[in-house]
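# Overview (structure and organization)
What follows is each chain in one-letter form.
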Amino acid sequence: MTRRTQVVVIGGGQAGLAAGYHLRRLGLDFVILDAQAGAGGAWQHAWDSLHLFSPAAYSSLPGRPMPIQAGKVYPNAAHVVDYLTAYEQRYELPVHRPVRVDGVHRDGQLLRVESDSGTWRARAVISATGTWWRPFLPAVPGRDVFRGRKLHTVEYRTPADFTGQHVVVVGGGNSGAQIAADLAYDTELTWVTQRPARFLADDIDGRALFDAATARRRALDAGTADTGGVASLGDIVAVPPVREARDTGLLKASPMFTRLTADGVEWADGTVAEADAIIWCTGFRPALSHLAPLGLRGPRGHIPTTGTQAVGEPRLHLLGYGDWTGPASATLIGVGRPARDAAHEIAALLNGTRSAPRN
Ligand code: FAD
């Protein structure tokens, strides 16, 4: 079955919903296709203790502030799922689930979106499929030799699965630090990071990160010196559990090992650490395989964009994948602005007018 609409949004996580909010405000006809069975995007799959690194007010999508979670400054993932569920209901966003998009193709004046639930033809597409679905594992010698459990961030749930075991956590970002802190009390933990762990000052949380990203965007818009944005401040937000484990002396990072053995890891000087399990908190790549038929792939697996618009296909916008699709666009509070820009540019394209200047 083939259906027609003006815009197809692929992905019904926070980025897809923010896009839907702005498309609706502009009166455009659109659908949101989402591969998950329920609302909430990647937040449905977070580990049990995951908390946001920003308070609720700084974790809101356009139009509707996230309510405060009772008894918590930093809401947990379940609260985000509830918020996103209520958000799509409040704005009556036309989310179709579960619908997995397999490919986006050029089809004359239109783009053809093929999925496991049929085909849509549209004048524009917003891709908002996130990164959680493409976990990244670095090539480390011996990775296949290791006989213990191997997990990525996406598979980690709770320290109870590792009680009393030797666990190696790899990664110096927020996921690595938070999962290491989670495991620090009940396991024999080895936490390794590529470069020395860089904790942000204790009073810096997602609010300051968002302000830094905003300052960077303003500087870039104004053509003044790049402020360096978020990365210049550090890598790890010292959320309360991370701070607690660090201050108790349980969160000490070792340098990256050079190879895996059958039973653990080994450093260049011959030091070894035993491991029953290794958890790779080594990041993600954008989930873009459905766009392969358009042949737009650029360096580092990204698709070159101006703002959110694909350079090689003006009817396609990419939203929420990281700073390359808008400063802080991979955060709840940061995705609102690029979502608005994408919706306005699509409206202008559909009207045959130039898009309004950004402000
Ligand atoms: P997702 O939530 O991944 O949603 C994408 C949706 O698209 C999913 O439902 C997926 O199933 C669907 N999809 C994928 N491929 C297809 C396809 N081919 N067809 C149809 N549907 C498809 N941000 C903050 O603001 N604050 C935080 O504290 C914070 N903490 C984080 C902690 C961790 C560990 C991680 C990994 C991220 C964190 N983020 C945080 C960043 C960010 O908010 C999340 O990654 C967020 O889930 C990204 O939203 P999204 O809508 O872009 O992608």
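Please refer to the structure placed before this passage.
A brief look at the structure comes next. These numbers were taken from a predicted model, which means no experiment stands behind them.

### Remarks on the overall build of the chain
When you go through the chain residue by residue, the secondary structure sums to six helices and 17 strands. Relative to the compact-globule value of 21 Å for 359 residues, the chain shows a C-alpha radius of gyration of 21 Å, a close match. Referenced to the eigenvectors of the C-alpha coordinate spread, the extents of the chain come out at roughly 65 × 40 × 40 Å. Within the chain, the proportion of its 359 residues that are buried is 50%. Pairs at least 24 apart in sequence give 63% of the contacts found in the chain among residues at least 6 apart. For the chain, the computed accessible surface area is about 16400 Å², with 51% contributed by carbon and sulfur atoms.

### Thoughts on the packing of aromatic side chains
The tally for this structure, following the rule as stated, stands at 11 aromatic pairs. Ring geometry for Y83 against Y87: centres 6.0 Å apart, planes inclined by 55 degrees, an arrangement best described as tilted. Of this pair, Y83 and Y87 both sit in helix α2 (residues 77-90), four residues apart, which is roughly one turn of that helix. Across the pair, exposure class does not vary: Y83 and Y87 are buried alike. Between the aromatic rings of F257 and W280, the centroid separation amounts to 6.3 Å while the plane-to-plane angle is 65 degrees, which identifies the pairing as edge-to-face. Remark: W280 occurs in strand β14 (residues 277-280) and F257 occurs in the loop between β10 (253-255) and β11 (259-260); sequence separation between them is 23 residues. R3 extends its terminal NZ or CZ atom over the ring of W120, reaching a point 3.9 Å from the ring centre. Here the guanidinium or amino end of R285 rests over the ring plane of F136, the centre of that ring lying 3.8 Å away.

### Topic: the site of the ligand
Lining the immediate environment of the ligand, one finds 30 residues, of which Q14, D34, F53, A330 and L332 sit closest. Between the ligand and the protein, one listed contact pairs an oxygen atom with a backbone N or O atom of A15 at 2.9 Å. When isolated, the ligand has an accessible area of 980 Å², and the protein chains bury 91% of it. In terms of residue class, the shell around the ligand is built from 17 nonpolar, 11 polar and two charged.

### A few points about the side chain of T5
Tracing the backbone through its elements, the reader meets T5 in strand β1 (residues 2-10). A distance of 3.1 Å separates a polar atom in the side chain of T5 from the backbone oxygen of D29. From its side chain, T5 meets the backbone nitrogen of F30 in a polar contact 3.4 Å long. Among residues more than four places away in sequence, those in contact with T5 are D29, F30, V31, W120, R121, A122 and R123.

### Observations regarding the environment of E88
Counting through the fold element by element, E88 comes out in helix α2. The buried category is assigned to E88, whose relative accessible area is 12%. Taking the C-alpha atoms as reference points, E88 and G301, 213 residues apart in sequence, are found 30 Å from one another. Once residues lying within four places of it in the same chain are set aside, the contact partners of E88 are G12, L17, A39, L93, V95 and R97.

Here is what the cut-offs are and how they apply
- Residues numbered from 1 in each chain as written.
- Predicted model: local features only at pLDDT ≥ 70, side-chain atom pairs only at ≥ 80, totals over all residues.
- Heavy atoms only, no water.
- Helix = DSSP H or I, 4+ residues; strand = E, 2+ residues; numbered from the N terminus.
- Rg over C-alpha atoms; globule rule 2.2 N^0.38 Å.
- Buried < 20%, exposed > 50% of the residue type's maximum accessible area, 1.4 Å probe, protein only.
- Contact = heavy atoms within 4.5 Å.
- Areas by Shrake-Rupley, 256 points an atom, 1.4 Å probe, with all protein chains shown as cover.
- Phe/Tyr/Trp six-rings, centres within 6.5 Å; stacked < 30°, edge-to-face > 60°.
- Lys NZ or Arg CZ within 6 Å of the ring centre and 35° of its normal.
- Near = heavy atom within 4 Å.
- Polar contact = N/O pair within 3.5 Å; in protein donor to acceptor, adjacent residues only side chain to side chain.
- Nonpolar A, V, L, I, M, F, W, Y, C, P; charged D, E, K, R; others polar.

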